[in-house]
Amino acid sequence: MPPSSSSSYSVSDLAIPHFTLKTTFIISYLAVALVAVAPLPSRSINITAVLSPFPDFSQFTALLAPISSDLAGRTSLSLLAVPNSRLSSAPHLSPSALPDVLRYHVLLQFLSLSDLHSLPPSGKLFTTLFQTTGRAPSNSGSLNLTRDPRNGIVTITSPYSPSSNATVLSLVKTLPYNVTVFSVDNLILPFGLDLMASETHPNLGLNITKALIDGKNFNVAASMLAASGVVEEFEADEGGAGITMFVPVDDAYADLPPAVSLQSLPADKKAVVLKFHVLHSYYPLGSLESVVNPLQPTLATEAMGAGSFTLNISRVNGSVAINTGIVQASVTQTVFDQNPVAIFGVSKVLLPREIFGKNPITTPKLGSTAPPPEDDALSPEGSPGAMDGQPSHLSSPPGFREDMQSNAAASGVRGSKFKSSIVVAVFVCCIGFCI
């Protein structure tokens, strides 16, 4: 006879639910473990790809090219984009001022449409990419965003120059929580920026080779520049955006390992290496010391393509450090500094990894009998197509791609073993706990 509703259940009656409970615990712990060891996706921003479906912003997208490397290094931002129809009425800007004006249109955080709707009438300050350059005094590199509660209009204003402002027209694109693009009706100009720098700072007529010879410690660099012919290109850039040169001292060439022979490079590769030592903007020492967003394109970047041949500039132990990925040099002296040209002496030759590979270069100490490291990746000879004929993309140095693949494979094996160990450990612990 079936038990009545008041009958009590026996231990055997509860066995199945208890087993189900244990199984649920185990599955839950395994799910948590798998999520914990799962790799996070990369969120590096390609702003050109984000804007490419919107032809009304094609001109603004093209203007962003000089700061593309700055944007690629970010994981979240809000871009204030000006449509083509509004750019036609924008003021004329010098080539040296334009990159910083564009940086002023990049807010360093993700803002949704609801974030704009919740802005207080008094406004809220947001940091821009321009603020990170060190060329914006005080908070002049920030923007104040306000929303009028009566009509919902969002206005963007320079806090030190209220006359320079723009109005948000619409939301163009959002990729939560990575990037947002808002359409604005006008370019916003930073306070105190010399918008006509190319006109107020004419070409100095500086003889760079003579300036280096007068510096007494740069004879090798002066000779290489004169022989290559690129010095004329550098001098032609003086009156535009200006230039910042990092020139190795004579001892830096003597310290190069035998595997690196700059003189034996083909003329086109040697020119790229020399251009790698030059930024296409004027940076006095104070600006270099305060750079927060350190990745800087060089003249070689312009020749070989965005994202390549960049220098990482930072402050290390009180000095300006310049890292190429395989060499770290420091600024040792100021050779010349008069707007728009700055020339600094550096302790090492800046070797681009695109030519000389990824392994750090070491030089034996004086008196050491140890042979120099034998690394094929350090030798530019035998690098098929590395930069011959100025290709549209860069080829990896010999062994570089294989090394990267083998390292990635090894890391993957180690990572898989590590993840498997974690899952097994959690599984065993769960079984023991539940039993």
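Basis of the calculations
Residues numbered from 1 in each chain as written. Predicted model: local features only at pLDDT ≥ 70, side-chain atom pairs only at ≥ 80, totals over all residues. Heavy atoms only, no water. Buried < 20%, exposed > 50% of the residue type's maximum accessible area, 1.4 Å probe, protein only. Helix = DSSP H or I, 4+ residues; strand = E, 2+ residues; numbered from the N terminus. Pairing = 2+ DSSP bridges. Salt bridge = Lys/Arg side-chain N within 4 Å of Asp/Glu carboxyl O. Arc of directions from axis to C-beta. Contact = heavy atoms within 4.5 Å. Phe/Tyr/Trp six-rings, centres within 6.5 Å; stacked < 30°, edge-to-face > 60°.

> Would you mind showing me how to read the pairing of strand β8 (residues 243-248) here?
Looking along a regular strand, one sees the side chains alternate between the two faces of the sheet. Across the 6 residues of β8, 6 count as buried, placing the element largely inside the fold. Of the two faces of β8, the one carrying I243, M245 and V247 and the one carrying T244, F246 and P248 are both buried. Where β8 and strand β9 (residues 278-279) come together, 2 bridges link them in antiparallel fashion. Across the sheet, residue M245 finds its bridge partner in β9, namely V278.

> Explain the sheet that holds strand β1 (residues 77-81) to me, please; I cannot follow it from the model alone.
Strands in a sheet are paired, the pairing made by backbone hydrogen bonds, and the direction either parallel or antiparallel. On the basis of which strands lie adjacent, the open sheet formed by 7 strands has the order β2-β1-β7-β6-β5-β4-β3 and mixed pairing. A single partner strand is all that each edge strand has here, and the edge strands are β2 (106-107) and β3 (124-127).

> Looking at this structure, how should I read the pattern of salt bridges?
Pairing of side chains with opposite charge becomes possible as their charged atoms draw close. Applying the stated rule across the entire model yields 6 salt bridges. With a shortest N-O distance of 2.8 Å, D100 and R103 are connected by a salt bridge. Residue D100 and its partner R103 are located together in helix α6 (residues 98-103), separated by 3 residues, close to a single helical turn. A single burial state applies to D100 and to R103, both of which are buried. Of the charged contacts, one joins D148 and R150 as a salt bridge, the two residues approaching to 2.8 Å between their closest N and O atoms. Salt bridges sharing partners connect three or more residues here, namely D70, D100, R103 and R135.

> What is the right way to read unusual backbone geometry from this model?
Trans peptide bonds make up the majority, and among non-glycine residues the majority have a negative phi. The omega torsion of the bond from P176 to Y177 falls at -10°, within 30 degrees of zero and hence cis. Here Y177 shows up in the loop between β6 (161-175) and β7 (179-184). Positive phi, close to 55°, is recorded for F309, a residue that is not glycine. Summarising the element assignment, F309 is placed in the loop between α15 (299-304) and β11 (310-316). Under the relative-accessibility criterion, F309 is labelled buried at 0%.

> Please explain helix α10 (residues 219-228) as it appears in this structure.
In an α-helix, one turn spans 3.6 residues, which is why side chains three or four residues apart end up on the same side. Of all the positions in α10, only A221, A222, M224 and L225 are classed as buried. What you see down the axis of α10 is that its buried residues fit within an arc of 165°, all on one side. Next to the buried residues of α10 lie α9 (208-214), α11 (230-236), β8, α12 (250-254) and α13 (267-275).

> I'm lost on the environment of A136 in this one. Help?
With respect to the helices and strands, A136 occurs in the loop between β3 and β4 (142-147). Between the C-alpha atom of A136 and that of L193, which follows or precedes it by 57 residues, the distance is 8.3 Å. Each residue touching A136, except ones within four places of it in the same chain, is listed here: F130, Q131 and G141.

> Explain the sheet that holds β9 to me, please; I cannot follow it from the model alone.
If you walk across this open sheet you meet the 7 strands as β9-β8-β14-β13-β12-β11-β10, and the pairing is mixed. Bordering the open sheet on either side are β9 and β10 (295-297), each of which pairs with just one other strand.

> Quick question: what am I supposed to make of the packing of aromatic side chains here?
The geometry of two aromatic rings is summed up by the distance between their centres and the angle between their planes. Here the structure, examined in full by the defined rule, presents 5 aromatic pairs. On the numbers, 6.0 Å between centres and 85° between planes, the contact of Y104 with F130 is edge-to-face. Taken as a pair, Y104 in the loop between α6 and β2 and F130 in the loop between β3 and β4 lie far apart in primary sequence, 26 residues in all. Classification of Y104 by relative accessible area gives buried; the value is 0%. Exposure remark for F130: the relative accessible area of 1% places this residue in the buried category. Their ring planes at 80° and their centres at 5.5 Å tell us that F110 and Y177 sit as a pair that is edge-to-face. Placement of F110 in the loop between β2 and α7 (113-117) and of Y177 in the loop between β6 and β7 is noted, with a sequence separation of 67 residues between them. Taking the relative accessible area as the measure of exposure, F110 reaches 14% and is therefore buried. Look at Y177 and you get exposed, because its relative accessible area is 63%.

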